[in-house]
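Structural features, examined
Below are the chains, spelled out letter by letter.
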Amino acid sequence: MDDIAQSLRHIQEQIRDFEKKYHRKLNSVALLAASKGQSLEKIIAAYEAKQRLFGENYLQEALAKMAELKNYPDIEWHYIGNVQRNKTRKIAEHFAWVHSVADAQIAQRLNDHRPAQLAPLNICIEVNVSHEASKSGVNLSEILPLANFCQTLPHIRLRGLMTIPALENNFTDQRATFEKLALALKDLQEHGIQVDTLSMGMSADFEAAIAAGTTIVRIGTGIFGKREGK
Ligand SMILES: *Cc1c(COP(=O)(O)O)cnc(C)c1O
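Attention here is on the structure that accompanies the text. None of these values were measured; they are calculated from a predicted model.

1. Side note on the site of the ligand
Neighbouring the ligand are Ala34, Lys36, Asn57, Ile80, Ile164, Met202, Ser203, Arg218, Ile219, Gly220, Thr221 and Arg227. Gly220 places a main-chain nitrogen or oxygen 2.9 Å from an oxygen atom of the ligand. Within the side chain of Arg227, one N or O atom sits 2.8 Å away from an oxygen atom of the ligand. Across the complex, the protein chains shield 89% of the 380 Å² of accessible surface that the ligand would expose by itself.

Written as structure tokens, this is what we have:
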């Protein structure tokens, strides 16, 4: 499991290098380890190498891991998968963040199911910047009304925007897509909505995301290697 510590260190170094290269503030980009399809042993190895933010996509898999890792209470769990309506209670009970809120009904249900004794659930609105039919997420024009609605819900806290763009192999196209999301965040701020988060950038495109202003990169295979199963 030394290789996990080593690849984490390598990714962290790259993040710091790209912050410098693109004139971003030092440590302004957080690393979320996307651990779907990765073993407990690998997650623990990452934890021991000081990783604390972990992202999961499948509720059953995530709950099983959380139960096994209950002696690691300072892990911050982020839900980054599709939110199914019938899963909102468990998601609201067990996660600190949900990156993938794509409609008002999901936002409402997460709010209603968030236990009152917990801090508000941090959420991002998922945006389908590349207009792919196969992907969930709202269109750019739907962000503001959904953001305004989220502001009325006391048990969720809108933090910003998230996207999973179409696979682009060249840096210029990747960056152009991410800049659309960065502009959308700025637009929300100009409407007086206090948001501070851009969740964008994965193993294959996080340099472009950092260039465009991301604040959370979600990296799986770049840390853990190939996923099992799914
Ligand atoms: C799996 C996943 C990632 C990580 O993808 P890699 O290519 O393995 O870095 C990031 N975000 C989401 C939403 C994912 O599902």
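2. Here we look at the nonpolar core
Grouped together as the largest cluster of nonpolar side chains are 65 residues, with contacts concentrated most on Val98, Leu110, Leu161 and Ile223. When residues no more than four places from it in sequence are discounted, the contact partners of Leu110 are Thr88, Ile91, Ala92, Val98, Val101, Leu121 and Ile156. Ala34, Leu53, Trp97 and Met162 belong to the second largest nonpolar core, which has 8 residues in total.

3. Notes on the side chain of Glu56
Within the secondary structure, Glu56 sits in strand β2 (residues 53–56). Look at Glu56 and you get buried, because its relative accessible area is 0%. Engagement of the side chain of Glu56 in a polar contact is seen with the side chain of Lys65, the distance being 2.9 Å.

4. Remarks on the pairing of β2
Side chains Leu53 and Gly55 project from β2 onto one buried face, and the interleaved Phe54 and Glu56 project onto a second face that is buried too. Here 2 bridges tie strand β1 (residues 30–34) to β2, and the two strands are oriented parallel to one another. Bridge pairing in β2 places Ala33 opposite Phe54. Following the backbone out of β1, through helix α2 (residues 40–48) and into the adjacent parallel β2, one traces a crossover that is right-handed.

The rules behind these values
Chains are numbered independently. Their residues run from 1 in the order of the written sequence. Totals for whole chains, interfaces and linings use every residue, but because this is a predicted model, local features are given only for residues with pLDDT of at least 70 and side-chain atom pairs only at 80 or more, for both listing and counting. Computation of side-chain values covers all heavy atoms of the structure but excludes hydrogens and water. We call a residue near a given molecule or strand whenever any one of its heavy atoms falls within 4 Å of it. N or O atoms closer than or at 3.5 Å make up a polar contact, with two conditions inside protein: a donor-capable atom paired with an acceptor-capable one, and, for residues adjacent in sequence, both atoms drawn from side chains. For the area figures, the Shrake-Rupley method with a 1.4 Å probe applies, and any residue is considered shielded solely by the protein chains shown. What makes a nonpolar core is a set of buried Ala, Val, Leu, Ile, Met, Phe, Trp, Tyr and Cys residues whose side-chain atoms join them at distances within 4.5 Å. Exposure categories follow from relative accessible area, calculated using a 1.4 Å probe and restricted to protein chains: below 20% of the type maximum is buried, above 50% is exposed, and the middle band is partly exposed. The contact rule is simple, with two residues in contact once any of their heavy atoms fall within 4.5 Å. Numbering goes from the N terminus for both helices and strands, where a helix is a DSSP run of H or I of at least four residues and a strand is a run of E of at least two. In this description, strands pair whenever DSSP reports at least two bridges between them. By convention, a crossover is right-handed whenever its connection, traced from the first strand over the helix to the second and viewed with the strands pointing away, goes clockwise.

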